[in-house]
Amino acid sequence: MKTNSILLLTTALILNVLSLASCKNEKDDGTFSYTKSKIWRHGVYSKYDAAKYEDVFEGMEVDIVYSTEKDDLFIGRIEADANNNNTFDEWIAMLKHPIKLRFWVDFKNLSGDNCHKAIAKLDKLASKYGIKNNIMVESQDIAALQHTKKQGFHVILWVDNLHYWTHHTKEDSISICKSIRKKINSLHPDAISCEFTAYPMLCDSFPEQNIHFWDTPKDFTEENIKHTRMLCSEKSVRVVLVDYPQPIEY
């Protein structure tokens, strides 16, 4: 009887250890945990809008800047927006359950010069709300993103779009794709992002990447919804930012 009890106890302990190990591997596999819906809300600048959309969308995109003068993170597109005193901390604090959401953080002025202080601030903020694994930091600065990765954040590489060029040829398209591939090989980002007009070039050229599209047609019309559904139908497309009042079925 005693031998059987010891055997049962030992077996239970082994199963418990294996279970914990399994959970750890699943949680810490290094990949970003995407939401069920690919539709995220674009440009949530107001903290009140953040609170409004919390129960509507599973993910939200927000623009932030780092103020060297104030040594803090603010909602905005240029560093001067820090004068509005809308801190990223206050924005997150408006959410009831930030841990349930995913955040696409478009870091507008992240650079090799400020990334150490800026990411340290973001790290402290993410730890405060327990959302570090829920954040994806977007920038086009390779050096800054490399540092961001080293600090344990998921990163999005903002890439060039052929449509930004007013005059282009087939050779331009090839050269742009080569440039993007070089950046990808240097950084190994969690995702790449571009304006929606880069479809289908990004999907055709980089099908192995997680692709995010932004600046999709804004009006909530059948035609635009059809276009959004087309983007979402691509396996490599993981997030599509929209200005719609609610997500759509696709």
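Now for a look at the structure at hand.

### Let's talk about the overall build of the protein
Move 1: Regarding its fold elements, the protein presents eight helices and nine strands.
Move 2: Residue burial in the protein is summarised as follows: out of 250 residues, 45% are buried.
Move 3: Here the contacts in the protein between residues at least 6 apart in sequence split such that 62% fall between residues at least 24 apart.
Move 4: Total accessible area computed for the protein in this model is approximately 13600 Å², and 54% of it derives from carbon and sulfur atoms.

### As for the packing of aromatic side chains
Move 1: Here the structure, examined in full by the defined rule, presents seven aromatic pairs.
Move 2: Relative to phenylalanine 103, the ring of tryptophan 91 lies with its centre 6.1 Å away and its plane at 70°, an arrangement referred to as edge-to-face. Placement of the pair is tryptophan 91 in helix H3 (residues 88-93) and phenylalanine 103 in strand E4 (residues 102-107), with a sequence separation of 12 residues. Take tryptophan 91 and phenylalanine 103: they sit in the same class, and that class is buried.
Move 3: Ring geometry for tyrosine 199 and phenylalanine 213: centres 6.3 Å apart, planes at 85°, overall edge-to-face. On the criterion of sequence distance, the pair formed by tyrosine 199 in the loop between strand E7 (191-195) and helix H7 (201-205) and phenylalanine 213 in strand E8 (residues 211-214) is long-range, its members being 14 residues apart. Here tyrosine 199 and phenylalanine 213 have matching classes, each one buried.
Move 4: Put simply, the rings of Phe88, Trp91 and Phe103 touch in pairs and so form one group of aromatic residues.
Move 5: Lying across the ring of phenylalanine 153, lysine 132 places its NZ or CZ 4.8 Å from the centre.

### Quick notes on helix H4 (residues 115-129)
Residues three or four positions apart in an α-helix share a direction because the helix packs 3.6 residues into each turn.
Move 1: Between its first and last C-alpha atoms H4 spans 21 Å; for 15 residues at 1.5 Å apiece the expected length is 21 Å, and the two agree.
Move 2: Those residues of H4 that sit buried are Cys115, Ala118, Ile119, Leu122, Leu125 and Ala126. All buried residues of H4 lie within an arc of 120° about the axis, which places them on one face of the element. Residues of H4 that are exposed and point over 90 degrees away from its buried face: His116, Lys117, Lys124, Ser127 and Lys128.
Move 3: Tucked into the core, H4 has its buried residues touching strand E2 (59-67), strand E3 (72-75), H3, E4, strand E5 (135-139) and helix H5 (142-150).
Move 4: Just past H4, the residue glycine 130 takes up positive phi, approximately 65°.

### A word on the side chain of serine 139
Move 1: Mapped onto the fold, serine 139 is located in strand E5.
Move 2: According to the relative accessible area criterion, serine 139 is buried, its value standing at 5%.
Move 3: Look past the residues within four positions of serine 139 in its chain and what remains in contact with it is Phe107, Leu110, Leu145, Ile156, Leu157 and Trp158.

### Quick word on the packing of H4 against H5
Move 1: Two elements in contact, H4 and H5, have axes separated by 10 Å at closest approach and are oriented at 40°. If you check the angle between H4 and H5, you find them oblique. The hand of the H4/H5 crossing is right-handed. Side by side, H4 and H5 meet where Cys115, His116 and Ile119 of the first sit next to Ala144, His147 and Thr148 of the second.

### A short note on unusual backbone geometry
Move 1: Note that the residue after tyrosine 199, namely proline 200, is joined by a cis bond; omega there is 10°.
Move 2: Mapped onto the fold, proline 200 is located in the loop between E7 and H7.
Move 3: Of note, aspartate 71 is a non-glycine position whose phi angle comes to about 50°, a positive value.
Move 4: Topologically, aspartate 71 is positioned in the loop between E2 and E3.
Move 5: Despite not being glycine, aspartate 215 has its phi angle at roughly 55°, a positive value.
Move 6: With respect to the element layout, aspartate 215 can be found in the loop between E8 and helix H8 (222-232).

### Observations concerning the pattern of salt bridges
Move 1: Applying the stated criterion to the full structure yields 11 salt bridges.
Move 2: Between lysine 108 and aspartate 106 there is a salt bridge whose closest N-O contact spans 2.9 Å.
Move 3: According to the relative accessible area criterion, lysine 108 is partly exposed, its value standing at 32%.
Move 4: For aspartate 106, a relative accessible area of 9% gives the class buried.
Move 5: For the salt bridge of aspartate 123 with lysine 132, the shortest nitrogen-to-oxygen distance reads 3.0 Å.
Move 6: On the basis of relative accessible area, aspartate 123 is assigned to the partly exposed category, the value being 21%.
Move 7: By relative accessible area, lysine 132 is classed as partly exposed at 22%.

Reading the values: the criteria
- Residues numbered from 1 in each chain as written.
- Predicted model: local features only at pLDDT ≥ 70, side-chain atom pairs only at ≥ 80, totals over all residues.
- Heavy atoms only, no water.
- Helix = DSSP H or I, 4+ residues; strand = E, 2+ residues; numbered from the N terminus.
- Buried < 20%, exposed > 50% of the residue type's maximum accessible area, 1.4 Å probe, protein only.
- Contact = heavy atoms within 4.5 Å.
- Areas by Shrake-Rupley, 256 points an atom, 1.4 Å probe, with all protein chains shown as cover.
- Phe/Tyr/Trp six-rings, centres within 6.5 Å; stacked < 30°, edge-to-face > 60°.
- Lys NZ or Arg CZ within 6 Å of the ring centre and 35° of its normal.
- Expected span 1.5 Å × (residues − 1).
- Arc of directions from axis to C-beta.
- Axes fitted to C-alpha atoms, helices over the stretch in contact; angles between N-to-C directions.
- Parallel < 35°, antiparallel > 145°, perpendicular 65-115°, else oblique.
- Left-handed = near helix turned anticlockwise from the far one by under 90°.
- Salt bridge = Lys/Arg side-chain N within 4 Å of Asp/Glu carboxyl O.

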